[in-house]
Structures are given as structure tokens and as C-alpha cells.
Protein chains: 2
Amino acid sequence: MDPLANIRMVLVRPIYGGNLGSICRAMKNMGVTRLVLVNPNPEMDFGEAQKYALHANDILETRSQVTSVEEAVGDCAVVAATTGLKGLYRSHTKTPRELAPRLIESAQQHQVAVVFGPENHGLSNEEMQFATHLLTIPSTPAYSSLNLAQAVMLCCYELYLASEQYAPPQEFHPEAPVVMRERFFDLWRQMLLDIKFCDQVKIDHMMMGFRRIFGRGYLSEADVNILMGLARQAAWAAGKSAAKDPAADAKRADELAK
Amino acid sequence: MDPLANIRMVLVRPIYGGNLGSICRAMKNMGVTRLVLVNPNPEMDFGEAQKYALHANDILETRSQVTSVEEAVGDCAVVAATTGLKGLYRSHTKTPRELAPRLIESAQQHQVAVVFGPENHGLSNEEMQFATHLLTIPSTPAYSSLNLAQAVMLCCYELYLASEQYAPPQEFHPEAPVVMRERFFDLWRQMLLDIKFCDQVKIDHMMMGFRRIFGRGYLSEADVNILMGLARQAAWAAGKSAAKDPAADAKRADELAK
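Residues numbered from 1 in each chain as written. Chains lettered and ligands numbered in written order. Predicted model: local features only at pLDDT ≥ 70, side-chain atom pairs only at ≥ 80, totals over all residues. Heavy atoms only, no water.

Scanning chain A from N- to C-terminus turns up 11 helices and six strands. Considering only residue pairs separated by 6 or more positions, chain A has 81% of its internal contacts joining residues 24 or more positions apart. Surface accessibility of chain A: about 13100 Å² in total, with carbon and sulfur atoms responsible for 53%. (Helix = DSSP H or I, 4+ residues; strand = E, 2+ residues; numbered from the N terminus. Contact = heavy atoms within 4.5 Å. Areas by Shrake-Rupley, 256 points an atom, 1.4 Å probe, with all protein chains shown as cover.)

This is how it looks when you write it as C-alpha cells:
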């Protein structure tokens with residue numbers, strides 16, 4: 001059971017079609033699909049909404065529409081209403097990041113709603129009374145009023161992350177072990193001498209520098225293969241290596257780097 | 001020194017004025033003020049941008065404009081380039097939440113850039129080459145392409161939170177200590193008997209139920225005052241209390257609840 005399927009976004013008296021479409025797109029980006037409109041602007045431009053929804057037109061088309069907040073959230077166990085920094089009861093609000101795990105937990109078994117007021121001002125006290133929780137999105141005091149679609153996006157984003165469905169794309173880049181790193185440092189040491197970058201007196205000091213540079217971050221086996229290929233090629237170019245051109249190795253390392 | 005003042009948003013070849021304006025607003029909401037455009041659409045509708053920027057027109061007006069990514073990020077120590085889930089090098093990307101603390105740390109001393117591609121496709125390989133870090137915004141595989149302004153908002157939001165400047169609005173609601181809670185439970189116990197809600201046989205069991213109900217969440221001193229006022233008034237209404245009408249207490253509790 002996907003908890004996000006039990007979470008609905010409730011827009012109270014929304015005005016602009018562009019925002020409505022952007023909200024559908026933001027919801028679909030974050031895996032939230034249920035949209036309820038409470039008394040939308042009778043002049044709402046649904047053509048514009050379609051334009052902004054792009055590939056989230058399914059969410060726009062499957063929206064519900066009701067005539068009161070009570071009707072929109074009647075079957076919900078948890079109702080989070082959004083309010084501005086300066087809103088009434090502001091001292092009881094939580095941030096989306098604080099509240100998202102609670103909403104996801106409830107949504108495992110219950111219906112959950114997040115309620116947003118119209119663009120021009122927030123929810124009225126009557127519309128807020130059904131809220132079990134109040135929610136304020138962090139913003140600077142210098143300009144705390146967010147665009148409605150941006151506010152919905154941030155809430156959906158926090159819900160999506162709290163649902164722990166996001167698996168960051170990860171290919172496995174095995175980190176080079178010490179034996180491989182030491183083979184690489186040996187090759188570089190010899191190469192630096194071969195190309196006369198430094199002499200026997202300074203080589204230990206120089207190698208400490210290179211160890212520092214290459215020790216600062218993650219160094220994968222593929223990375224080390226590239227760096228060893230470079231050392232072999234430089235030694236070859238300086239006429240110090242075996243007869244065979246090691247460029248073939250370098251090309252292979254190049255492939256590995258992709 | 002505010003680290004956000006050292007972080008710039010770089011938009012490469014942006015197309016739409018509406019997005020540009022929304023980006024200015026999102027940036028200002030989150031305390032990020034430096035905007036650089038690289039080769040914006042020559043037909044860019046700056047009137048529309050102004051309309052969408054609303055109270056963030058200062059960011060629009062103080063933008064820089066350059067002709068290459070190299071120029072936009074040349075003085076930066078850290079450059080995070082955004083890339084889609086399907087982008088090249090995707091296996092090396094981090095999320096905004098993972099990367100934000102690193103960017104804020106660098107921005108204490110260095111210039112930092114976050115680079116975004118145009119609306120219709122991402123950054124080219126040439127434009128990405130200056131990146132020290134790659135960044136992918138979490139989204140569902142069902143619809144992973146975010147609106148540009150939404151993408152900028154999520155990055156600025158994570159940077160703002162990582163900068164730890166947001167102080168959630170908090171008035172102090174002291175939690176009721178045990179002695180106060182016990183006084184309240186004693187009053188309720190007597191009131192439940194007085195109004196004949198239950199008898200001496202069942203009262204202990206019933207009080208366990210009320211202890212459970214009121215023990216589930218945070219109960220402030222103000223909350224307990226309301227609940228005690230209710231008990232006094234109910235006992236009075238049932239003719240079991242002292243002569244004086246305790247409604248004055250209830251009104252005081254009502255004041256406290258605000």
C-alpha cells in the first residue's frame with residue numbers, strides 16, 4: 001500500500017488556472033495523485049491549467065470538486081492546514097519536514113488531507129477549524145508569501161521523501177583498496193622521476209603532496225585505472241617505458257570512466 | 001556573514017518570463033538573492049517576469065547576464081549542476097538535501113553556484129563540465145521532469161534550511177506538570193460522579209480512559225485550565241458545586257486558550 005495514495009491535496013477557492021496546472025505537475029512529480037477543489041474561481045481558466053499540467057493532465061481530470069472544506073476532508077483522520085508565518089495560531093504550527101513523517105504514518109491506514117488557502121489570502125478561521133495540525137512552510141521574513149504552486153510542491157516533496165520511495169540512482173563504483181592505491185603511487189613516483197618533474201631528493205615530499213590531493217575524496221578503481229594509465233603513457237612518451245605504446249590501456253581506462 | 005549571500009543561481013538559456021519571475025520570488029522567499037542568466041532567450045518576456053516576481057523584483061533587476069557558463073561560475077569554488085534522473089553521469093549525483101550542507105559550508109568563505117539548464121532540456125555536456133558536483137532532485141519515475149521554477153525553489157529551500165536561519169514561530173506553552181494534571185483528574189473524577197456520568201463502581205475504569213485520551217499528546221497549563229474550568233462549571237450546573245457561578249473561571253480559561 002502506497003501511503004501517498006491516501007493523501008489528498010485540498011485547494012480552497014483557488015483562483016488561477018496556471019497555478020492549478022503547476023500544482024498537478026508538482027503532485028505527479030512527487031507521487032501524490034488526489035486533488036480536491038473547494039469552490040474554485042468560477043472564472044478558472046482550465047485551458048491554462050491543462051497547459052501548465054503538461055504530463056499530469058490525469059491528475060487535473062480526476063480531480064474532485066466540492067462546496068465546503070468539511071466535505072473535502074470529512075473522511076480524513078488527519079487534516080493539515082497551511083498557514084502563513086503571521087497567521088492565527090501560528091505558535092502551534094509545524095514545518096512540512098517535521099509533520100511529513102506523521103502524515104505518512106497515518107496514511108498507511110487512514111485518509112489524510114493537506115489544505116491550502118487561495119492565492120490572495122490564506123484559509124479563513126472557519127476553513128481552518130477542521131485541521132488536526134497546522135503547517136507553516138519555512139521562508140524568510142523579508143518575503144514570506146509563497147506562490148501557491150510552490151507551497152504545494154514543497155509539501156508534496158517532503159511527503160515523497162518521508163515516504164522513503166525515492167531510491168537515488170546509484171551505480172556501484174567500488175572504492176580502490178590500499179594495494180591498488182599503492183600500485184598507483186609507485187607508478188606515479190617512477191613517472192615523476194622519468195619525466196624529470198622532480199629528483200630523488202624531492203620525490204618523497206612531492207609524493208606526500210600527491211597523496212594529499214588524491215586522498216581528499218573518494219577514489220574509485222576506475223579512477224585509479226585512469227591515473228595509472230596516464231603514468232604509463234607519460235613514462236612511454238619520455239622514452240623510459242617498455243617498447244609497447246600503452247595508449248590502448250589509456251583508452252580502456254577512458255571507457256571505464258564513463 | 002550570511003552564506004546565502006555567496007550562493008548564486010545560474011540559469012542557462014532560460015526561455016520563459018513567467019518562470020524567470022517565479023524563480024525570483026522563490027529565491028527571495030528562501031533568502032537567496034544572486035541571479036545570473038547565461039544567454040537567455042532573446043524573446044524573453046521580461047514584463048511577464050516582473051508580474052510573476054511580485055515583491056522580488058529587486059532580484060530580477062539586479063540580475064547579471066553573461067554569455068557563457070564559464071563566465072557565470074569562473075570565480076566559484078563549488079559549482080553544483082542540476083541533471084535529470086536519466087542524465088549522463090547520473091550515478092555520481094547527490095540530492096539537494098545531501099549536498100546543501102556542503103554548499104553552505106563552502107559559502108562561508110567561497111563563492112558557490114547552482115546551475116540549471118533550460119526548460120526544454122537540461123544542460124549540455126559542455127555546460128556541465130565546470131561542475132564540481134552534480135545534483136538531481138528526487139522525483140517519481142512516472143514523471144520526473146520538474147518545472148524549472150519548482151526545481152530552483154526546491155534547491156533554494158534546502159539551502160535555506162541548511163543555513164539554519166529559519167526559526168519556527170514559537171510562543172512558549174509550558175506543559176502541565178504532574179501536580180497540575182492530578183488536580184485536573186481529581187476535579188474530573190468528582191464531576192463525572194456529580195453529573196452521574198458514571199458511578200463509584202465504574203469510575204476508576206472510566207478515569208483510566210480519560211487519562212489515556214489526555215495523555216496522548218502535549219497538554220499545556222492553559223489546556224488544563226480550560227479542562228478544569230469545564231469540570232467546575234458542569235458540577236455547578238448539576239447543583240453540586242459551591243454557590244458561586246464558576247463561569248468567570250471558564251471565561252478566564254477561554255482567554256488563556258487564545
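Contact with chain A, which involves 42 residues of that partner, is made by 42 residues of chain B. Carbon and sulfur atoms make up 57% of the surface buried where chain A meets chain B, a total of about 3800 Å² over both sides. Linking chain A with chain B are two salt bridges, by the criterion used here. For the salt bridge of B:E158 with A:R97, the shortest nitrogen-to-oxygen distance reads 2.9 Å. (Buried area = accessible area lost by both parts, 1.4 Å probe. Salt bridge = Lys/Arg side-chain N within 4 Å of Asp/Glu carboxyl O.)

What follows is about the domain arrangement of chain A. For chain A, the assigned domains read domain 1 (3-162) and domain 2 (178-256). Summarising the inter-unit geometry, the C-alpha centres of domain 1 of chain A and domain 2 of chain A are found 56 Å apart. (Domains from an automatic or database assignment.)

The next subject is the environment of B:V10. Within the fold, B:V10 resides in strand 1 (residues 7-12). Residue contacts for B:V10: discarding those within four places in its chain leaves B:V36, B:V38, B:A72, B:V73, B:A113, B:V114, B:V115 and B:F116.

Our next topic: the sheet that holds strand 1 (residues 7-12) of chain A. Residues and elements named next belong to chain A. If you trace the six strands from one edge of the open sheet to the other, you get 3-2-1-5-4-6, paired in parallel fashion. Each edge of the open sheet carries a strand with a single partner, namely strand 3 (64-66) and strand 6 (133-135). In this sheet, neighbouring strand axes are inclined to one another by 25 degrees on average, regardless of whether the strands run parallel or antiparallel. Sheet analysis places strand 4 (residues 78-82) next to strand 6, joined by three bridges and oriented parallel. When the sheet's bridge partners are listed, A81 is paired in strand 6 with L134. Lying over the sheet, helix 1 (residues 17-29) contacts strand 1 and strand 2 (34-38), oriented at roughly 155 degrees with respect to strand 2. (Pairing = 2+ DSSP bridges. Axes fitted to C-alpha atoms, helices over the stretch in contact; angles between N-to-C directions.)

Attention shifts here to the packing of helix 1 (residues 17-29) of chain B against helix 7 (residues 148-162) of chain B. All names here are of chain B. Interhelical geometry of helix 1 versus helix 7 gives an angle of 15 degrees and a closest axis separation of 9 Å. By the angle between their directions, the pair helix 1 and helix 7 is classed as roughly parallel. Once helix 1 is placed against helix 7, the crossing between them reads as right-handed. Residues N19, S22, I23, A26, M27 and N29 of helix 1 touch helix 7, and the partners they reach there are L148, A149, V152, M153 and C156. Considered class by class, the residues forming the contact of helix 1 with helix 7 number eight nonpolar, three polar and no charged. (Parallel < 35°, antiparallel > 145°, perpendicular 65-115°, else oblique. Left-handed = near helix turned anticlockwise from the far one by under 90°. Nonpolar A, V, L, I, M, F, W, Y, C, P; charged D, E, K, R; others polar.)

Residue and element names in this part refer to chain B. Within the open sheet, the six strands sit side by side as 3-2-1-5-4-6. Their pairing is parallel. Each end of this open sheet is capped by a strand with a single partner; those strands are strand 3 (64-66) and strand 6 (133-135). Averaged over all pairs of adjacent strands, the angle between strand axes in this sheet comes to 25 degrees, irrespective of strand direction. The pairing of strand 4 (residues 78-82) with strand 5 (residues 112-116) spans four bridges and is classified as parallel. When the bridges of strand 5 are listed, V78 appears paired with V112.

For the rest of this paragraph, the subject is the relation of the copies chain A and chain B. Superposition of chain A onto chain B requires a rotation of 180 degrees combined with a translation of 0.1 Å along the rotation axis, giving an RMSD of 0.2 Å. One copy is carried onto the other by what is essentially a two-fold rotation axis. By residue overlap, the copies meet face to face through one surface: 100% of the interface positions of chain A are interface positions in chain B. (Least-squares fit on C-alpha atoms with pLDDT ≥ 70 in both.)

As a further point, take the pattern of salt bridges. This structure, assessed with the given rule, holds 14 salt bridges over all chains. With a closest N to O distance of 2.9 Å, A:R8 and A:D75 form a salt bridge. Taken together, the positions of A:R8 in strand 1 and A:D75 in the loop between helix 4 (69-73) and strand 4 put the pair 67 residues apart, joining distant regions of the chain. Connected through salt bridges with shared partners, the residues A:R97, A:E158, B:R97 and B:E158 form a single ionic network.

Further remarks concern helix 7 of chain B. All names here are of chain B. In this model helix 7 runs 21 Å from its N-terminal to its C-terminal C-alpha over 15 residues, within 8% of the 21 Å that 1.5 Å per residue would give. When you tally the buried positions in helix 7, you get 13 out of 15 residues, the bulk of the element. Its side-chain oxygen 2.8 Å from the backbone nitrogen of A149, N147 forms the N-cap of helix 7. Phi for E164, located one or two positions after helix 7, is positive at around 55 degrees. (Expected span 1.5 Å × (residues − 1). Buried < 20%, exposed > 50% of the residue type's maximum accessible area, 1.4 Å probe, protein only. Polar contact = N/O pair within 3.5 Å; in protein donor to acceptor, adjacent residues only side chain to side chain.)

Now for the nonpolar core. A general trend in soluble globular proteins is that nonpolar side chains are found buried together. With 91 residues, the main nonpolar core has A:M9, A:L35, B:M9 and B:L35 as its most contacted residues. Of all the elements, helix 7 (residues 148-162) of chain A adds the most residues to this core, at 12 residues. Apart from residues no more than four positions distant in its own chain, B:M9 is found in contact with B:M27, B:V32, B:R34, B:L35, B:V36, B:V114, B:F116, B:V152, B:C156 and B:L159. (Core = buried A, V, L, I, M, F, W, Y, C linked by side-chain atoms within 4.5 Å.)

Looking at the secondary structure, you find B:T140 in the loop between strand 6 and helix 7. Residue B:T140 is classed as buried on the basis of its relative accessible area of 9%.

Taken as a whole and assessed by the stated rule, the structure comprises 15 aromatic pairs over all chains. With a centroid separation of 5.2 Å and 65 degrees between ring planes, the pair formed by B:W188 and B:F210 is classed as edge-to-face. You can see B:W188 sitting in helix 8 (residues 178-194) and its partner B:F210 sitting in helix 9 (residues 203-215), a full 22 residues away along the chain. With a relative accessible area of 7%, B:W188 lands in the buried category. By way of ring pairs, the aromatic residues A:F184, A:F185, A:W188, A:F210 and A:F214 are connected into one cluster. (Phe/Tyr/Trp six-rings, centres within 6.5 Å; stacked < 30°, edge-to-face > 60°.)

Attention shifts here to the confidence of the model for chain A. A residue-level look at chain A finds 89% of positions with pLDDT of 70 or above and a mean pLDDT of 90. Complex prediction metrics read pTM 0.85 and ipTM 0.84. (pLDDT = per-residue confidence, 0-100.)

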